[in-house]
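# Structural overview for review
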Amino acid sequence: QQQVKQSPQSLIVQKGGISIINCAYENTAFDYFPWYQQFPGKGPALLIAIRPDVSEKKEGRFTISFNKSAKQFSLHIMDSQPGDSATYFCAASMKTSGSRLTFGEGTQLTVNP
Amino acid sequence: GAVVSQHPSWVICKSGTSVKIECRSLDFQATTMFWYRQFPKQSLMLMATSNEGSKATYEQGVEKDKFLINHASLTLSTLTVTSAHPEDSSFYICSARTFDEQFFGPGTRLTVL
């Protein structure tokens, strides 16, 4: 019940295209859903996050779509750029567990020029 | 955004020695810090939760006597890998929590010869 399933494992997109990464969770007690971006040899960086009372959140080229009934959320990267090439992790947490993050398996995104 | 630093960024040591890794929140106070371990091309694995002024809470399967965690102040947590062996070689990442968000350090690459 603590798992977060992420897909796809890897994704190749052309420059200017839309990158879409999906995550699904089981535990309905999760109340915070962040996305992290990680470059090789670096720590993850918080990209964007959403709470279950909102169905969509947009920050620049990054959008989270959240479907509470389906227990799914996704990251959309519009106008993908080669500099977006990185590993993306979705995660989920709940206040009652001290905000411990449960991570997805990660998606290796490659944006070709 | 909030900044978390780690020191050292990389360390090479001989088998049997102990290594200390520092994690600092530079511009905010963190009552809770987390320590993760990450193997190549894998997700982050939570090792322990560190609360200021109290004992750390370790995840199942993590040896508390091998991975000593001290959270001495609201801005500093340390992880000491005692009697390190080659199988302890990994990328260690800390994070610091403010409200619901976690901000990650840049990571420490540990190589045990």
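Each remark here, short or long, concerns the structure printed above.
So, a few notes on the structure that sits alongside this text. (Residues numbered from 1 in each chain as written. Chains lettered and ligands numbered in written order. Predicted model: local features only at pLDDT ≥ 70, side-chain atom pairs only at ≥ 80, totals over all residues. Heavy atoms only, no water.)

## Observations concerning the overall build of chain A
Of regular secondary structure, chain A possesses 0 helices and 11 strands. Starting at the N terminus and walking to the C terminus, you meet the elements of chain A as β-β-β-β-β-β-β-β-β-β-β. The C-alpha radius of gyration computed for chain A amounts to 13 Å, which stays within 12% of the reference 13 Å derived for 113 residues, consistent with globular compactness. Projecting the C-alpha coordinates of chain A onto the three principal axes gives extents of approximately 45 × 30 × 20 Å. Counting contacts in chain A only where the partners sit at least 6 residues apart, residues at least 24 apart contribute 54% of the total. When the accessible surface of chain A is split by element, carbon and sulfur atoms take 50% of a total near 5400 Å². Counting 11 positive and 8 negative side-chain charges, chain A places the centres of these two groups 4 Å from one another. (Helix = DSSP H or I, 4+ residues; strand = E, 2+ residues; numbered from the N terminus. Rg over C-alpha atoms; globule rule 2.2 N^0.38 Å. Contact = heavy atoms within 4.5 Å. Areas by Shrake-Rupley, 256 points an atom, 1.4 Å probe, with all protein chains shown as cover. Lys, Arg positive; Asp, Glu negative; His and termini not counted. Charge placed at Lys NZ, Arg CZ, Asp CG, Glu CD.)

## Looking at the sheet that holds strand β8 (residues 76–81) of chain B
All names here are of chain B. What the 4 strands build is an open sheet, ordered β1-β3-β8-β7; its pairing is antiparallel. The outermost strands of the open sheet, each flanked by one partner alone, are β1 (4–7) and β7 (67–73). Pairs of neighbouring strands in the sheet enclose a mean axial angle of 15°, with direction left out of account. Pairing between β7 and β8: 5 bridges, direction antiparallel. Along β8, the bridge assignment pairs leucine 68 with threonine 80. (Pairing = 2+ DSSP bridges. Axes fitted to C-alpha atoms, helices over the stretch in contact; angles between N-to-C directions.)

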